[in-house]
Amino acid sequence: QYIVQDPPDCLSTLRRMLQAGPVTRLYTGGGGKYVGSHEGYSLRMPPAEVPDWQMVNDKGDLVDIPRPCRAVRVWNAAARAYDVVGAELEGAPADAAAADAWFVGVVRRLKGSNFLGPDLLDALVTSTKTVSMEALGNRDYAAAFEGTFSSRWSQLVVDTKL
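To keep things clear, this report deals only with the structure shown in the data block.

Rules and cut-offs
- Residues numbered from 1 in each chain as written.
- Predicted model: local features only at pLDDT ≥ 70, side-chain atom pairs only at ≥ 80, totals over all residues.
- Heavy atoms only, no water.
- Phe/Tyr/Trp six-rings, centres within 6.5 Å; stacked < 30°, edge-to-face > 60°.
- Buried < 20%, exposed > 50% of the residue type's maximum accessible area, 1.4 Å probe, protein only.
- Lys NZ or Arg CZ within 6 Å of the ring centre and 35° of its normal.
- Core = buried A, V, L, I, M, F, W, Y, C linked by side-chain atoms within 4.5 Å.
- Helix = DSSP H or I, 4+ residues; strand = E, 2+ residues; numbered from the N terminus.
- Salt bridge = Lys/Arg side-chain N within 4 Å of Asp/Glu carboxyl O.

**Some thoughts on the packing of aromatic side chains**
Aromatic rings considered in pairs are described by the distance between their centres and by the relative angle of their planes. Counted by the stated rule, this structure contains 3 aromatic pairs. Measuring from centroid to centroid gives 6.4 Å for Y141 and F145, while their planes differ by 25°, and the two rings are stacked. For the pair Y141 and F145, a shared accessibility class is recorded, and that class is buried. Positioned over the ring face of Y82 is R73, at 3.7 Å from the centre of the ring. Sitting over the ring of W153, R152 keeps its end group 4.2 Å from the ring centre.

**What about the nonpolar core?**
L14, L18, L121 and F145 are the most contacted members of the largest nonpolar core, which totals 25 residues. Secondary-structure elements contributing two or more residues to this core are helix 1 (11-20), helix 2 (96-111), helix 3 (117-125), helix 4 (133-137), helix 5 (141-144) and helix 6 (152-159). In terms of residues, this core owes the most to one element, helix 2, which gives 6 residues.

**Description of the pattern of salt bridges**
Counted under the stated rule, the structure contains 4 salt bridges. One salt bridge in this structure joins E88 and R25, with 3.4 Å as the shortest N-O distance. Taken as a pair, E88 in the loop between strand 6 (81-85) and helix 2 and R25 in the loop between helix 1 and strand 1 (27-28) lie far apart in primary sequence, 63 residues in all. With relative accessibility at 53%, the residue E88 sits in the exposed group. Assessed through its relative accessible area of 19%, R25 is described here as buried. Across the pair K111 and D122 runs a salt bridge whose closest N-O atoms are separated by 2.8 Å. Separated by 11 residues along the polypeptide, K111 in helix 2 and D122 in helix 3 bring together distant segments of the chain. K111 sits in the buried class, given a relative accessible area of 3%.

Take it as geometry only, folks, not as evidence of what the structure does.
Right, here's the structure in full:
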């Protein structure tokens, strides 16, 4: 439950998670010591697309952005055909309305936080980069962040009130 951690470990990571919305399906992710980013285990993506699904956080660490899969299949040797496997995560919201309700609950919790609050969260999710931690500490969000970002999820953050 990284997204509701208060205070968050990294504002850039929180920004990207809120901008992307809830993960409700299987997804590619980080590799590890012996496996490259988004190359791992059973779900992979073309190497040329990997940079589109990574970001550098405020600490300078390369972070993988979860990329949901659309379909999963497993080879059935006996039938000599692929079997379809459900890609939905167990316990995740089952439909768009349930995902919206879950997400609004997360946003309300974050906006109610003494560390974040509504103004910081709105400025964070509609920006692309943190440029001044000093300005952030002074709650000068116009100087703390740069860039403009908009998605269905960022708009839901801005529209959600306490």
